[in-house]
Amino acid sequence: MSDGAIVVSDLSKRFRIYHQRSETLKEMLVDRRRSRYEEFWAVKDIDLEIHDGETFGIIGANGSGKSTLLKCMAGILIPDRGKVAVRGRLASLLEVGAGFHPDYSGRENIYLNGAILGLPRRYINSVIDEIVGFAELEQFIDNPVRNYSSGMYTRLGFSIAIHMDPDILLIDEVLAVGDESFQRRCMDHIEGMRREGRTLVFVSHAAESVRRLCDRCLWIDHGVQRALGVTGPVVDAYVGEVNQHEMEALRQAAAGAGASEAGWMGVRLTSLTFTGEKDQASSARTGSGMTVAVGYEAPGPLHGVRFRIAFYPAGQDVLISTQTDDSELGTRTIPASGTVRLAIPQLPFLDGVYGAKVEILDIASGRQYVEIDRPQSFRVQGAGRRETGMALLGHTWEVPLMDPTGAGV
C-alpha cells in the first residue's frame, strides 16, 4: 500500500452532454430509446501520487479537466473508472462558501461545516475566534449569511477551511477572489501551512504562482495527462505551448487585419508588423530587440508630420508611448508612401500579450491624419525571469557580504 497523501489510480470521469431534453412525460416515454446526448470524458486515465507534505500543482487550459479531477479527489464526484485513495483529514476550497445555509448565521455555519468534517464541537470552540478574526467578520458573525456581501462570504469560507486543521488542503482558483489585502493574507497562511508540512493541491491559471508554490506539477489537457514531474520543466512546457498558440493566432490576425480606412486628407496606414530577433514575427523576448514597421500612404508628400506608437498590455491602459522628434520632422517633407521603422534594442516588457496604437498627426495643428489600433499585436516571452509586473526595470543590486573573518565588506 502506498503511503502517499493522495493516490489516483486509472481515474476517468464522464458526463453526458444533452442536445435536447424531453420537456413532457409523453416525449420522455416516446423517445426513451433515442439517444439525445453524447458522452464527454472530462478526465481520462489519470495516474498520480501526491506525497505527504508536498505542494502539488495542476495546470491546464479552461475546460481541461482540472476542477473535475480535484472534485474527484475531494469525493464530490464519483469516478466512472479507477479510484482515489486519501490518507488524512481533507479540506477543500473548490467553491468558497459552498454548503452554507443561507438562513443560518455565520457562527452557525462555522459549526455546521465543522460537523460535516467530523470535528468535535470543543475543537471548533477553540478556533472560532481565530476563524472570525481572520475573516474580519466580528461585527456580522451573528447575522444570516444571506445578507453577506460576496467578499464577506468568501472570507468566511476560506477562513473556515484553513482553520479546520486539515492534513490535506485542495485549492481551486479561489485565491483570485477577494481584495488585495485578503489575497495577501491567504497566501501568507498557505505559506505557513507549507512550512508546517501540510499537503497542498493547488489548481491555478497563474503559471508563475504554480511555479513559485509547488514542488511538482501535473499538466492536464482535454482530460488527458500531458506531463507530470518537477514544476519548472512542466510549467515551461505548458507555457511554451500556450505561447505558440497565441503567436500563431497573432500572425493570422496580422495577416488578415488589412490596412486602415483613409483618414484626414486621404492618409492611410497600409501595414503594421512586429519582428523580434531571428525574424520572429509577432514575437519577441524580454530584453531582446524588436522592430515595429509602419507602412503609410497618402495622395501626395506629407510635410511636418508626427508618428506616434503607444503600447499597452492587452485589455489594459497604455503602458508607454513614443513618437518621432518634432524638431527634426517639423520642417521636413516625407514621400507620399513608405515605411517608418521603430527599433527597440532591449524590449522592457515582461511576459504577456501586448497591443499597439499607431497615429500619424500634423505637427502644426495637432490634428490626427489617421490611426490604427490592434489590441493583440505581439507576444512577449519572459520565461525564466524572476521579475513580476509588466515592464523590466533597468537596475543593479548592491548587497553587503561577509568576509571569511565574519566582518562585513
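First, a word on what this report is: a plain description of the structure on this page. (Residues numbered from 1 in each chain as written. Predicted model: local features only at pLDDT ≥ 70, side-chain atom pairs only at ≥ 80, totals over all residues. Heavy atoms only, no water.)

**Structural notes on the overall build of the protein chain**
Move 1: When you go through the protein chain residue by residue, the secondary structure sums to nine helices and 19 strands.
Move 2: Across the 409 residues of the protein chain, 40% fall into the buried class.
Move 3: Look at the contacts in the protein chain between residues 6 or more apart in sequence, and 70% of them connect residues 24 or more apart.
Move 4: Of the accessible surface of the protein chain, which amounts to about 22300 Å², a share of 50% is contributed by carbon and sulfur atoms. (Helix = DSSP H or I, 4+ residues; strand = E, 2+ residues; numbered from the N terminus. Buried < 20%, exposed > 50% of the residue type's maximum accessible area, 1.4 Å probe, protein only. Contact = heavy atoms within 4.5 Å. Areas by Shrake-Rupley, 256 points an atom, 1.4 Å probe, with all protein chains shown as cover.)

**Details of helix H2 (residues 66-74)**
Move 1: Looking at H2, one finds that the buried residues are Lys66, Thr68, Leu69, Leu70, Cys72 and Met73.
Move 2: Just past H2, the residue Gly75 takes up positive phi, approximately 85°.

**So, unusual backbone geometry**
Move 1: Its identity as a non-glycine residue notwithstanding, Lys278 has a phi of 60°, on the positive side.
Move 2: Turning to its location among the elements, Lys278 is positioned in the loop between strand S10 (268-276) and strand S11 (283-285).
Move 3: Residues other than glycine seldom take positive phi values, yet Ser282 does so here, at roughly 60°.
Move 4: Mapped onto the secondary structure, Ser282 falls in the loop between S10 and S11.
Move 5: Take Ser282: its relative accessible area is 5%, and that puts it in the buried class.

**Describing the pairing of strand S15 (residues 320-323)**
Move 1: As defined by bridge partners, strand S14 (residues 305-313) adjoins S15 across four bridges and the pair is classed as antiparallel. For Ile309, the partnering residue across the bridge sits in S15 and is Thr322. (Pairing = 2+ DSSP bridges.)

**What about the sheet that holds strand S9 (residues 224-230)?**
Move 1: The six strands lie next to each other as S5-S6-S7-S3-S8-S9, forming an open sheet whose pairing is mixed. The outermost strands of the open sheet, each flanked by one partner alone, are strand S5 (90-93) and S9. On average, each strand axis in the sheet is tilted by 15° relative to the strand beside it, whichever way the strands run.
Move 2: Two elements, S5 and strand S6 (residues 168-172), share four bridges in a ladder whose sense is parallel. Across the sheet, the residue bridging to Ser92 is Leu170, located in S6.
Move 3: The strands touched by helix H5 (residues 150-162) within the sheet are S5 and S6, with S5 carrying the most contacts at an inclination of about 160°.
Move 4: On the sheet, helix H6 (residues 180-195) packs against strand S3 (55-59), S6 and strand S7 (199-203) and is oriented at approximately 140° with respect to S7. (Axes fitted to C-alpha atoms, helices over the stretch in contact; angles between N-to-C directions.)

**Observations concerning the state of the cysteines**
Covalent bonding between the sulfur atoms of two cysteines is what defines a disulfide.
Move 1: As enumerated under the stated definition, the model contains zero disulfides in all.
Move 2: No disulfide involves Cys217; its sulfur sits 6.4 Å from that of Cys214, the nearest cysteine. (Disulfide = S-S within 2.5 Å.)

**A few points about the sheet that holds S11**
Move 1: Overall, mixed pairing links the five strands, which are arranged S11-S19-S18-S14-S15 in an open sheet. In the strand order of this sheet, the two ends are held by S11 and S15, each with one partner. Going across the sheet, the axis of each strand differs from the next one's by a mean of 30°, ignoring polarity.
Move 2: Bridge count for strand S18 (residues 352-362) against strand S19 (residues 368-381) is nine bridges, and the pairing is antiparallel. Among the inter-strand pairings, Leu361 is bridged to a residue of S19, identified as Gln368.

**With respect to the environment of Glu108**
Move 1: Following the sequence through the fold, Glu108 ends up in helix H3 (residues 106-116).
Move 2: Judged by its relative accessible area of 43%, Glu108 is partly exposed.

**Some points on the packing of aromatic side chains**
Move 1: This structure, assessed with the given rule, holds 11 aromatic pairs.
Move 2: Their ring planes at 20° and their centres at 6.0 Å tell us that Phe134 and Phe158 sit as a pair that is stacked. Linking Phe134 in helix H4 (residues 121-135) with Phe158 in helix H5, this pair joins segments that are 24 residues apart in sequence.
Move 3: For the ring pair Trp264 and Tyr369, a centre distance of 4.8 Å and an interplane angle of 25° mean the geometry is stacked. Residue Trp264 is found in the loop between helix H8 (231-257) and S10, and its partner Tyr369 is found in strand S19; the two are separated by 105 residues along the sequence.
Move 4: Here Trp264 falls in the partly exposed class, since its relative accessible area comes to 26%.
Move 5: Through successive ring pairs, a cluster of aromatic residues spans Phe274, Phe311, Phe349, Tyr354 and Phe378. (Phe/Tyr/Trp six-rings, centres within 6.5 Å; stacked < 30°, edge-to-face > 60°.)

**Looking at the side chain of Asn113**
Move 1: Along the chain, Asn113 falls in helix H3.
Move 2: Apart from residues lying up to four places away in sequence, Asn113 is in contact with Phe100 and Ile160.

**Points about the packing of H5 against H6**
Move 1: Direction vectors running N to C along H5 and H6 enclose 10°, while the axes themselves pass 12 Å from each other. When the axis of H5 is compared with that of H6, the two are roughly parallel. From H5, Thr154, Arg155, Phe158 and Ile162 reach across to H6, where they touch Phe182, Arg185, Cys186, His189, Ile190 and Met193.
Move 2: Looking at the contact of H5 with H6, its residues break down into six nonpolar, two polar and two charged. (Parallel < 35°, antiparallel > 145°, perpendicular 65-115°, else oblique. Nonpolar A, V, L, I, M, F, W, Y, C, P; charged D, E, K, R; others polar.)

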